[in-house]
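# Descriptive analysis of the structure
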Amino acid sequence: PLPGDGGPTIDEEIADAIAVLDAAGSRRAAVLAQLFAVPAAIRLAVEHSDRVSHLLLLGGAARLRRAGDYPEGIDDAALQRFRHQIANYWGTGLI
């Protein structure tokens, strides 16, 4: 999910990950996260270090949106275009 799109919160994603580990009977696991899952994976590893043996992060960023102290971020207009593309073209082979 993209930030602000009504998807699960990071807290909910962490709770889901712990629930999956519990359901699988896994005491510890290596965690691989990419893109928008990276912030939740980092928090999972920090807050549940007893459950995460390794952390592999691909293509993520600590922050996405542009701000006064983060000019490298994505501006809101570009983020809205990206959301539109995902919502309208996901699964079509166009993205």
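So, here's what we can say about the structure.

Parameters and conventions
Residues numbered from 1 in each chain as written. Predicted model: local features only at pLDDT ≥ 70, side-chain atom pairs only at ≥ 80, totals over all residues. Heavy atoms only, no water. Phe/Tyr/Trp six-rings, centres within 6.5 Å; stacked < 30°, edge-to-face > 60°. Helix = DSSP H or I, 4+ residues; strand = E, 2+ residues; numbered from the N terminus. Buried < 20%, exposed > 50% of the residue type's maximum accessible area, 1.4 Å probe, protein only. Salt bridge = Lys/Arg side-chain N within 4 Å of Asp/Glu carboxyl O. Core = buried A, V, L, I, M, F, W, Y, C linked by side-chain atoms within 4.5 Å. Contact = heavy atoms within 4.5 Å. Polar contact = N/O pair within 3.5 Å; in protein donor to acceptor, adjacent residues only side chain to side chain. Pairing = 2+ DSSP bridges. Right-handed = clockwise from strand over helix to strand, strands pointing away. Axes fitted to C-alpha atoms, helices over the stretch in contact; angles between N-to-C directions. Parallel < 35°, antiparallel > 145°, perpendicular 65-115°, else oblique. Left-handed = near helix turned anticlockwise from the far one by under 90°.

### Brief notes about the packing of aromatic side chains
Applying the stated criterion to the full structure yields one aromatic pair. A centroid spacing of 6.1 Å and a plane angle of 50 degrees characterise the contact between F36 and F82, whose relative ring orientation is tilted. Here F36, found in the loop between β1 (29-34) and α2 (38-47), pairs with F82, found in helix α3 (residues 76-89); they are 46 residues apart in sequence, far enough to count as distant. On the basis of relative accessible area, F36 is assigned to the partly exposed category, the value being 33%.

### Topic: the pattern of salt bridges
The final tally for this structure, using the stated rule, is five salt bridges. A salt bridge links D22 to R51; its shortest N-O distance comes to 2.9 Å. Note that D22 is positioned in helix α1 (residues 10-24) and R51 in the loop between α2 and β2 (52-58), a separation of 29 residues in sequence. A salt bridge links R66 to D75; the nearest nitrogen and oxygen atoms lie 3.8 Å apart.

### Describing the nonpolar core
I14, I18, L21, A29, V31, A33, V38, A41, L44, A45 and V52 form the largest nonpolar core, which has 11 residues in total. Those elements that place two or more of their residues in this core are α1, β1 and α2. It is α2 that contributes the most residues to this core, four residues altogether. Residues within four places of V31 in sequence aside, it is in contact with A41, L44, V52, H54, L55 and L56.

### Looking at the side chain of R51
Exposure remark for R51: the relative accessible area of 14% places this residue in the buried category. Of note is the side chain of R51, whose polar atom sits 2.9 Å from the backbone oxygen of R27. What R51 contacts, discounting residues up to four positions off in sequence, is I18, L21, D22, S26, R27, R28 and A29.

### Some remarks on the pairing of β2
Pairing of β1 with β2, which is carried by six bridges, proceeds in the parallel orientation. Following the sheet pairing, Q34 is matched in β2 by L58. In this region the chain leaves β1, passes through α2 and returns to the parallel neighbour β2; the handedness of that crossover is right-handed.

### Some words on the packing of α1 against α2
Where α1 contacts α2, the axes come no closer than 9 Å and their chain directions differ by 60 degrees. One finds that α1 runs oblique with respect to α2. The crossing of α1 and α2 is right-handed. Counting all contacts with α1, which are made through I10, D11, E13, I14, A17 and I18, the residues of α2 involved are P39, A40, R43, L44 and E47.

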